[in-house]
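# Close look at the chain arrangement
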Amino acid sequence: MKFNTKLLHSARDVSDHSGATLPAIHQSSAFAHESSEKLEKVFDNKAPGFAYTRIGNPTVNTFEKRMAEIEGGFGAVACASGMAAISMTLLAILKSGDEIISSAALFGGTLDLLTDLEDLGIHTTYVDYVTPESIEAQINANTKAVFTELIGNPRLDVVDVKAIAEVTKRYNIPLIIDATTSTPALIRPFEYGANIVIHSASKYISGSGNAISGIIIDSGRFAWDFEKYPTLARYKQMGKLAFTAKLKNDTWKNYGACLSPQNAYIGLVGLETLGLRMERLCDNALALAEALQIHVENHEIAEVTYPGLSSSRYKEVSTAQFEKGRAGAILTIKAGSKEKAWSIIDNLKYASVATNIGDVRTLVIHPASTIYGHSTQEQLDCAGVTSDLIRVSVGLEDIEDLIADFTQAIIT
Ligand SMILES: *Cc1c(COP(=O)(O)O)cnc(C)c1O
């Protein structure tokens with residue numbers, strides 16, 4: 001199956017014989033079995049079946065299987081949110097004394113999480129830009145994970161996954177990619193050597209800004225060294241599948257990070273149109289970014305950043321690794337001043353002022369006063385968040401309307 005066919009037909013729910021074209025929403029906490037003996041087997045993973053929705057649910061399972069197939073991974077674990085997916089991944093692998101190397105340009109929530117992890121003795125070293133050289137320079141004996149966003153939100157720096165994976169593979173460190181902003185429609189990071197992929201499925205996967213959810217996908221191809229990763233040693237007999245086995249049986253189950261069946265269903269429905277939506281969203285973003293250049297030339301705004309612009313330093317890597325070179329659907333505008341940024345935002349007619357991305361409608365936000373409102377100056381600098389920055393999550397509106405709306409908001 002090719003990509004768009006997979007979105008519709010992979011991992012179909014076969015438990016339901018009604019002929020329903022969509023998966024059933026199994027909105028049930030518990031699943032009854034005919035005997036104690038049968039339930040014991042289900043509990044012990046010795047018989048297929050479900051016991052309790054925090055541990056497993058058929059609708060959630062269908063979502064996990066479809067995501068694993070779409071990404072070309074071995075297995076997936078669905079979580080209550082993108083943040084839960086990142087937390088569970090790191091907590092399953094790391095222990096006190098371990099270190100993460102991460103891009104400094106991260107989603108605000110992830111930066112906050114990594115700060116929290118310092119209290120557990122898990123330290124993060126940040127690199128300004130994720131390059132093979134910058135990563136390799138920071139690796140030491142305690143480095144147990146490399147974490148990065150594929151297209152940084154909101155700095156929009158694009159990571160060359162293949163180049164980074166060559167370094168992490170040499171040191172046998174898992175490369176964990178938050179691919180929320182690129183989605184599997186643009187790139188399947190396992191094909192480029194990533195080991196674990198995470199999505200906030202709240203964004204492009206659910207697609208209409210209608211559910212909070214997250215997903216972790218394991219390539220199943222990372223050779224865990226159980227002396228270096230004693231946290232996974234209990235699952236040694238699972239070999240390369242130890243990470244997912246630990247998540248399912250311990251970390252994810254015990255922290256209670258499960259996804260609701262309703263939101264898994266919303267993710268499944270969203271996936272069906274992911275390919276189609278991403279094509280239009282990315283094309284709109286490129287066209288809007290190109291159209292806004294004129295206002296930079298006219299000194300009405302300071303800068304427009306979009307990795308797919310031919311002037312972008314990320315154009316080449318975007319063309320090389322993204323499907324048809326489509327470089328995501330987020331662009332940023334440096335308005336020149338905070339006042340100008342707020343005035344552009346407030347003058348827009350179609351764009352909603354909201355803290356989200358990946359919606360079908362265009363959303364704008366002033367990151368410095370919201371998502372990064374309590375960040376330090378250093379964090380702001382690293383994340384590329386200036387006081388005049390506007391982040392635009394481009395939607396499916398007709399491009400003529402979007403260009404007209406941004407134009408009037410800028411020149412007013
Ligand atoms: C939104 C987002 C997250 C967090 O996801 P939630 O579903 O809101 O918890 C993580 N990473 C990136 C890149 C995001 O955009």
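Residues numbered from 1 in each chain as written. Predicted model: local features only at pLDDT ≥ 70, side-chain atom pairs only at ≥ 80, totals over all residues. Heavy atoms only, no water.

### What about the packing of aromatic side chains?
Heads up, the condition is: Pairing of aromatic rings covers Phe, Tyr and the six-membered ring of Trp, with a centre-to-centre limit of 6.5 Å; geometry is then stacked below 30 degrees between planes, edge-to-face above 60, and tilted otherwise. The rule is short: NZ of Lys or CZ of Arg within 6 Å of the ring centre and within 35 degrees of the ring normal puts a charge over the ring.
Within this structure, the stated rule accounts for 4 aromatic pairs. Taking 4.5 Å as the distance between ring centres and 70° as the angle between the ring planes, the aromatic pair formed by F222 and W224 counts as edge-to-face. Here the aromatic cluster, defined as three or more aromatic residues joined through ring pairs, consists of F222, W224, Y229 and F243. Above the ring of Y229, the side-chain terminus of K144 is found at 6.0 Å from the ring centroid. The positively charged end of K248 is found above the aromatic ring belonging to W252, 5.1 Å away from the centroid.

### Observations concerning the pairing of strand β7 (residues 214-218)
Note the following rule: Buried residues are those whose accessible area, probed at 1.4 Å on protein chains only, stays under 20% of the maximum for their type, while exposed residues exceed 50% and partly exposed ones sit between those limits. Helix and strand definitions follow DSSP, with helices as H or I runs of at least four residues and strands as E runs of at least two, each counted in order from the N terminus. A strand pair is defined by DSSP finding two or more bridges across the two strands.
Of all 5 residues in β7, 5 are buried, a share of seventy percent or more. Where burial is concerned, the two faces of β7 agree: the one with G214, I216 and D218 and the one with I215 and I217 are both buried. Pairing of strand β1 (residues 75-79) with β7 involves 5 bridges; the strand directions are antiparallel. Its bridge partner being in β7, A78 is matched across the sheet by I215.

### A few points about the site of the ligand
Rules: Any residue with a non-hydrogen atom lying within 4 Å of a molecule or strand is treated as near it. Here a polar contact is recorded for every N or O atom pair within 3.5 Å, except that within protein the pair must consist of a potential hydrogen donor and a potential acceptor, and residues adjacent in sequence are included only if both atoms are side-chain atoms. Accessibility throughout is a Shrake-Rupley quantity obtained with a 1.4 Å probe, and a residue counts as covered only by protein chains that appear here. Lys, Arg, Asp and Glu make up the charged group, whereas Ala, Val, Leu, Ile, Met, Phe, Trp, Tyr, Cys and Pro make up the nonpolar group; the residues left over, Gly among them, are polar.
Around the ligand, 14 residues are found, and the nearest of them are G82, D178, S200, S202 and K203. At a separation of 2.8 Å, an oxygen atom of the ligand approaches a polar side-chain atom of K203. Isolated, the ligand exposes 380 Å² of accessible area, and the fraction of that covered by the protein chains is 92%. No other element matches the 3 residues that helix α4 (residues 82-93) contributes to the shell around the ligand. Partitioning the shell around the ligand into residue classes produces 4 nonpolar, 7 polar and 3 charged.

### Focus: the domain arrangement of the protein chain
Worth spelling out the cut-off: An automatic or database domain assignment is the source of the domain bounds shown. Accessible surface is computed with a 1.4 Å probe, and the buried area is the amount of it that two parts give up when combined, taken over both parts together.
According to the domain assignment, the protein chain consists of domain 1 (3-271) and domain 2 (275-411). Here the C-alpha centroids of domain 1 and domain 2 sit 28 Å apart. Summing the contributions of domain 1 and of domain 2, the shared interface buries around 3100 Å²; its carbon and sulfur component is 58%. Interface area lost by domain 1 to domain 2 is led by L156, L186 and Y204, which between them contribute 25%.

### Here we look at the pattern of salt bridges
Stated formally: Salt bridges, as used here, are contacts in which a Lys or Arg side-chain nitrogen is within 4 Å of a carboxyl oxygen on Asp or Glu.
Tallying each qualifying case throughout the model produces 12 salt bridges. Where E136 meets R170, a salt bridge forms, and the shortest distance between an N and an O atom there is 2.9 Å. With a gap of 34 residues between them, E136 in helix α6 (residues 132-138) and R170 in helix α7 (residues 161-170) connect regions that are remote in the sequence. According to the relative accessible area criterion, R170 is exposed, its value standing at 56%. The closest approach of N and O atoms between R234 and D250, which form a salt bridge, is 2.7 Å. A residue pair is termed long-range when its members are at least 10 positions apart, and R234 in the loop between β7 and α9 (242-255) and D250 in helix α9 qualify at 16 residues.

### Here's the deal with the nonpolar core
This is how it is decided: The definition of a nonpolar core used throughout is a set of buried Ala, Val, Leu, Ile, Met, Phe, Trp, Tyr and Cys residues joined through side-chain atoms within 4.5 Å.
If you look at the biggest cluster of nonpolar residues, it comprises 122 residues, and the most contacted ones within it are F63, L90, I135, W224, L331, I390 and F406. When residues of this core are sorted by domain, at least three fall in each of domain 1 (3-271) and domain 2 (275-411).

### What to know about the side chain of R277
The condition that has to hold: Residue contacts are counted whenever heavy atoms from the two residues lie within 4.5 Å of one another.
Residue position: R277 is located in helix α11 (residues 274-297). A distance of 2.7 Å separates the side chain of R277 from the backbone oxygen of Y204, its partner in a polar contact. Excluding residues that lie within four positions of it along the chain, R277 makes contacts with Y204, I205, S206, G207, G270, L271, V360 and L396.

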